[in-house]
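A closer look at the structure
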Amino acid sequence: MIKQYPILADLHTHSISSGHGSRDTICQMALAASLAGLQLMGISEHGPATPGSVLPSYFSGIRLAPRKRWGVNFVYGAEVNILNLEGDVDLPWEILSALDYAIISIHPPQFTPWEVPDLTQAYLSAFRHPKVRFLGHIDDARFPVDFERLLKAAQAADIYPEINNNSLTPQAYRVDGQKNCRQLLKICKRLQLPVLLSSDSHGVAQVGDMGYALSLLEECQFPPSLVLNSDPVLLQQILKRPSRNCRNRKI
Ligand SMILES: [Zn+2]
Ligand SMILES: [Zn+2]
């Protein structure tokens, strides 16, 4: 671990329930989180539109799961799919409202390559859903967005971009992760917008492992004070704040 960026939280992880060949239960991941020295762990299964993932009822029940495992505090969210250019997502309002957080992401089954203004607007429109706190892997050049516009809007809405470690590995299936994350970090540094590092671990293997993301932060001389993973208390506070971006209904 790079000392100036202590990693005490990992909020983007998937258990066996998300499919994709993950074979580990939340209990196994909890032990891995404890061994990795995490203080706060989040489980964020894929939304129901991802082939092989869980039904909406899973997300209704998960909030009742234990909040402490192996000494690690647990929060439960979802990595929802943005389904269309209108920013609809694959969990209903009522279920999202009861979760601790949502990560909004675009994945290949839902989108074919689209234009930058349309994809940017899709993310912006998805801000309206309850508990949206993080932008999932916006570094993927297959789904290019206007970083400047999206990040400024995110900052105003109390929403934070992630630096997804999976996007940065040599075997990454996403495109241009290194180049785009560099750009993203540059803008966040200028805006003083904090980022969330994510392992996006599918099972126990990478829980708390942000090695590639940390190397990039160091290379970009990114301020440690803008890394949310080092402050689990602040992260919990962010999750508990009322959503600034929610329209139409009070949550
Ligand atoms: Zn994803
Ligand atoms: Zn994920």
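To start, this report covers the structure provided alongside it. Owing to the predicted nature of the structure, the values given are computational and were not obtained by experimental measurement.

Turning to the coordination of the zinc ion (ligand 1), a few remarks are in order. Protein ligation of the zinc ion (ligand 1) involves E79 (OE), H107 (NE2) and H137 (NE2), the donor distances falling in the range 2.1 to 2.2 Å. Between the two metals, the zinc ion (ligand 1) and the zinc ion (ligand 2), the spacing is 3.5 Å, and E79 donates to both. Linking E79 in strand 5 (residues 72-81) with H137 in the loop between strand 7 (132-135) and helix 5 (147-156), this pair joins segments that are 58 residues apart in sequence.

Our next topic: the packing of helix 5 against helix 6 (residues 177-191). At a closest axis distance of 10 Å, the pairing of helix 5 and helix 6 adopts a crossing angle of 45 degrees. Overall, the two elements helix 5 and helix 6 adopt an arrangement that is oblique. In this structure, the crossing between helix 5 and helix 6 has a hand that is right-handed. The segment helix 5 lies against helix 6, with F147, E148, L151, K152 and Q155 engaging N180, Q183, L184, I187, C188, R190 and L191. Tallied by class, the residues present in the contact of helix 5 with helix 6 amount to six nonpolar, three polar and three charged.

A few words on the coordination of the zinc ion (ligand 2). Within the protein, H12 (NE2), H14 (NE2), E79 (OE) and D200 (OD) serve as the donor atoms for the zinc ion (ligand 2), at 2.1 to 2.3 Å. Each of the four donor atoms around the zinc ion (ligand 2) contributes to a set of angles spanning 82 to 171 degrees, which defines the coordination as irregular. Each donor residue of the zinc ion (ligand 2) belongs to the same chain, with the gaps between them written as H-x1-H-x64-E-x120-D.

What follows concerns the nonpolar core. Core analysis: the biggest nonpolar cluster contains 81 residues, and I104, F134, L135, L151 and L197 have the highest contact counts within it. Not counting the four nearest positions on each side in its chain, F134 is found in contact with L11, Y101, A102, I103, I104, I159, Y160, L196, L228, L235 and L239.

Attention now goes to the pattern of salt bridges. Scanning the entire structure with this criterion turns up nine salt bridges. For D200, the salt bridge identified is with R174, shortest N-O distance 2.9 Å. On the criterion of sequence distance, the pair formed by D200 in the loop between strand 9 (196-198) and strand 10 (201-202) and R174 in the loop between strand 8 (160-164) and helix 6 is long-range, its members being 26 residues apart. When the shortest N-O distance is used, the salt bridge between K179 and D176 registers 4.0 Å. According to the relative accessible area criterion, K179 is exposed, its value standing at 55%. Among the charged side chains, a network of salt bridges with common partners joins E148, K152 and R190.

Scoring rules and cut-offs
- Sequence order sets the numbering: in each chain, residues are counted from 1 along the sequence as written.
- Whichever chain is written first is A, and whichever ligand is written first is 1; the rest continue in order.
- In keeping with the predicted nature of the model, local features appear solely for residues at pLDDT of at least 70, side-chain atom pairs appear and are counted solely at 80 or more, and the whole-chain, interface and lining totals rest on all residues.
- Working from all heavy atoms in the structure, the side-chain values ignore hydrogens and water.
- In this analysis a donor is any N, O or S atom within 2.8 Å of a metal ion (3.2 Å for sodium, potassium and calcium), and since water is not included, sites may seem incomplete.
- Secondary structure is summarised from DSSP: a helix means a run of H or I of at least four residues, a strand means a run of E of at least two, and numbering begins at the N terminus for each.
- Each axis is a line fitted through C-alpha atoms, taken for helices only over the stretch in contact, and angles between the N-to-C directions span 0 to 180 degrees.
- Angle categories are assigned with fixed cut-offs, so that under 35 degrees is roughly parallel, over 145 is roughly antiparallel, 65 to 115 is roughly perpendicular, and the rest are oblique.
- If you view the pair so one helix is near and one far, a crossing is left-handed when the near helix is turned anticlockwise from the far one by less than a right angle, and right-handed when it is turned clockwise.
- Working rule for contacts: check all heavy atoms of both residues, and any pair within 4.5 Å makes them a contact.
- Residue polarity is assigned by list, with Asp, Glu, Lys and Arg as charged and Ala, Val, Leu, Ile, Met, Phe, Trp, Tyr, Cys and Pro as nonpolar; anything else, Gly included, falls into the polar class.
- Only two sets of limits are used to name each site, 85 to 135 degrees for every angle of a tetrahedral four-donor site, and over 155 degrees for opposite donors with all other angles from 65 to 115 for a square planar four-donor or octahedral six-donor site, with any other site named irregular.
- Throughout, nonpolar core names a set of buried Ala, Val, Leu, Ile, Met, Phe, Trp, Tyr and Cys residues whose side chains join them through atoms within 4.5 Å.
- Only protein chains enter the area calculation, which uses a 1.4 Å probe; residues under 20% of their type maximum are buried, those over 50% are exposed, and those in between are partly exposed.
- Any carboxyl oxygen of Asp or Glu that lies within 4 Å of a side-chain nitrogen of Lys or Arg is treated as forming a salt bridge with it.

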